[in-house]
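Examination of the molecular architecture
Here is what each chain is made of, one letter per residue.
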Amino acid sequence: MFQIIHYPFLTSSSSSCSLSSLSYPFTSTPSSSLLSVSTKRLAQSKSSVHFQYQPAIWDKHFVESVPKTNYSRETDKELLVKKIEKQVKGLLKNAVKPLAKLELIDTIQRLGMSYLIEEDILKILENMYHDDAQKMKDNLYATSLKFRLLRQYGFYQSQDIFDEFRHARGGFKETITRDIKGMLSLFEAAHLLLEGEIILIEAILFTRRHLLDFGSNNDKINVNLTSQVRRSLETPFHWRVQRSEARFFIEAYEFQNDMNPTLLELAKVNFNMVQAQHEMELRRISRWWNNIGIAKKLNFARDRLVECFLSNIGCSWEPRNERCREWLTKILSFALVIDDIYDVYGSIEELELFTDVIERWDCKAMEKLPNHMKICFLALYNTVNGMAFEILSEQQFDILPHLTKLLANSMKAMLTEAKWCYKVYVPTFVEYVQNGSVSSVGYVFLMAAYFMTDQNINVGVLHAFENNHPLLYSSCLLCRLSNDLATSSMEIKRGEVASSIFCYMQEKNVSEKDAREHVKGLIMEMWKEMNRSLLDSSPFDGSFVNLVLNFARTSLFMYQYGDALGSEHSRSIEHVLSLIVNPIHIDDPTYKEYSSIPVIDNINCNPVLSERRS
């Protein structure tokens, strides 16, 4: 059984741990401890019993059998995109009142179409930001919605804007508890908080407490709003993967009283069109993965190509980022294999050699490696060099030394964890998170994403990567902590000592429950720091900042219901089917041809023709 992780991670007794106390590199390291525990250990001898992951559910036959859609002709797709873009812009232009514009922007965003009209949205919000006459006085819902959208798009709004809904002596007025829609909007807005914003912390605690009561009482609110409340209490909107939100909201929007039929049908067509591109990309990446044969040759390691691709849809789902998804899926697939080599299939001596070879990035240095490490290194070597060649050809910039340096750093961090396990050494919590943010391979992932999304390569950005910019550090640490929350209970049972939760338990002599709460509190602190990057100037373009936030969102998404990259559970299967395989049914006869395709109901790939399926 896996443990469902409910967000947000904030209670009245949340940890006060902040990023400043965990800055990288760390300025202090408390004394560590040695603990005598049983532990699985890498490969101390050839007779060692290794932990074995289950084979992949999604094999190459499944990927190839996913039905092709009617979006195959590029010219037809381009015309359709322009048609959708024109109609969405028209709807936005026809919205006259400020609140109507905000609501439409919010709806378009939730339906997954804001990427088509980002510049239009930015202009509208910029005008609202500079126009004091457009303040939403005495309307909690409107005030909160405006606050959230402005901060999301980089316009600072003070938390003091909520003073009119608070008592002069402090605390929110009980009268707002009758406005459920307003409280939900405030709850969502408050998750764009920064360090030290006490009013927004109060807002989360206050609204969460009352929304929990309302969410359990269907008589007080309509069914659709009940569903939104429950979804937000599980994961606030700001923390959700956008593609998953689009699928959910399209289905929910259909039953809203104020639903716009035109907007709904456009959203369905857009979703299916983007999904069709993702399916095509997955087929191509799957052929590459099967051609290099890593999964067969290193069958002790995780073969999770489809889940890796799913996670990259979470990070960068927009059609224009096709190459980004392809490269990141390759990197993540290798990262899982390498992680398993360090965790379950290499002696310390072998791992030291392997780490040295990766650091030197030299094929001649791998002579002493065992065959499985040679296979892994050569495949990685050819893949990364191919990526570097593409960028060098296009931008006349050699990214290879930068990528391989971060790769080597990640491998050194993995080696450190292997040595901890071998020595049965329990690091301090600070030691662990310092190392864990690097061993997550997040820095490699994000640097590769930066180079693959046509960003402006400059000295400031390279310096930010080399010096662990707070935005990068926060997202990488969040990835590691999310993983620990999902996997630590099983790891403790298996005798593994290196996880943030176990380290904190030992260092502070607290229960697993208390340690988990501390880690959850730290994740909230990471979000505060990442939120600051939306508003402050940084060396990164706004589109890349959003990609980094998506990386954090995807980490929460992939580990919320268990380890989706370790054991494929029912919820991860559902995510694959809903986001990659099954299109949304379309009623409008104008677009009917784009949904009349088979729907797969199970992982045995049996197509089921359906006239009404979503």
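Structure first, text after, so check above.
Bear in mind that the values here come from a model prediction, so they are computed numbers and not experimental data.

1. Here's the deal with the packing of helix H6 (residues 180–190) against helix H8 (residues 223–234)
Packed helix pairs are specified by the crossing angle of their axes together with the interaxial distance, meaning the distance between the axes. Following both chains from N to C, one finds H6 and H8 inclined at 25°, their axes separated by 11 Å at the closest point. When the axes of H6 and H8 are compared, the pair comes out roughly parallel. The interaxial crossing formed by H6 with H8 has left-handed handedness. Residues Ile180, Lys181, Leu184, Phe187 and Glu188 of H6 form the contact with H8, whose participating residues are Leu225, Gln228, Val229, Ser232 and Leu233.

2. Points about helix H16 (residues 400–423)
Look at H16: 34 Å from first C-alpha to last across 24 residues, which is about the 34 Å you get at 1.5 Å a residue. Just downstream of H16 lies Val424, where phi reads positive at about 55°.

3. With respect to the pattern of salt bridges
Scanning all chains against the criterion turns up 31 salt bridges. Its salt-bridge partner being Arg323, residue Glu394 comes within 2.7 Å of it at the nearest N-O pair. Placement of Glu394 in helix H15 (residues 371–395) and of Arg323 in helix H13 (residues 322–344) is noted, with a sequence separation of 71 residues between them. On the basis of relative accessibility, which here comes to 18%, the residue Arg323 falls in the buried class. For Glu352, the salt bridge is made with Lys419, and the minimal N-O distance between the two is 3.3 Å. Residue Glu352 is found in helix H14 (residues 348–360), and its partner Lys419 is found in helix H16; the two are separated by 67 residues along the sequence. Each of Asp106, Arg110, Arg148, Glu188, Arg231, Arg240 and Glu245 takes part in a single network of salt bridges with overlapping partners.

4. Overview of the nonpolar core
By size, the foremost hydrophobic cluster in this structure holds 196 residues, and its most contacted members are Met113, Leu446, Phe465 and Phe540. It is H13 that contributes the most residues to this core, 13 residues altogether. Of the domains in this structure, domain 1 (74–267) and domain 2 (293–587) are the two that each give at least three residues to this core. Not counting the four nearest positions on each side in its chain, Phe465 is found in contact with Leu406, Tyr443, Leu446, Met447, Tyr450, Leu472, Phe540 and Phe544.

Analysis parameters
Within any chain, residue numbers begin from 1 and follow the written order of that chain's sequence. Per-residue local features are limited, in this predicted model, to residues with pLDDT of at least 70; the limit for side-chain atom pairs, both in listing and counting, is 80 or more; totals at the level of whole chains, interfaces and linings are taken over all residues. Where side-chain values are given, they derive from all heavy atoms of the structure, hydrogens and water being excluded. Interaxial angles span 0 to 180 degrees and are taken between N-to-C directions of axes, which are lines fitted to C-alpha atoms, for helices over the stretch in contact. We count a stretch as a helix when DSSP gives it H or I for four or more residues in a row; a strand needs E for two or more, and each element gets its number in order from the N terminus. When describing relative orientation, an angle under 35 degrees is termed roughly parallel and one over 145 degrees roughly antiparallel, while 65 to 115 degrees is termed roughly perpendicular and anything else oblique. Note on convention: the crossing is left-handed when the near helix lies turned anticlockwise from the far helix by less than a right angle, right-handed when the turn is clockwise. Contact definition: two residues touch when any of their heavy atoms are within 4.5 Å. Residue count minus one, scaled by 1.5 Å, sets the expected span of a helix. What makes a salt bridge here is a side-chain nitrogen of Lys or Arg within 4 Å of a carboxyl oxygen of Asp or Glu, nothing more. A 1.4 Å probe rolled over the protein chains alone gives each residue an accessible area, and that area as a share of the maximum for its type sets the label: buried under 20%, exposed over 50%, partly exposed in between. Residues enter a nonpolar core if they are buried and are Ala, Val, Leu, Ile, Met, Phe, Trp, Tyr or Cys, with the set joined through side-chain atoms within 4.5 Å. Start and end points for every domain follow an automatic or database-based domain assignment.

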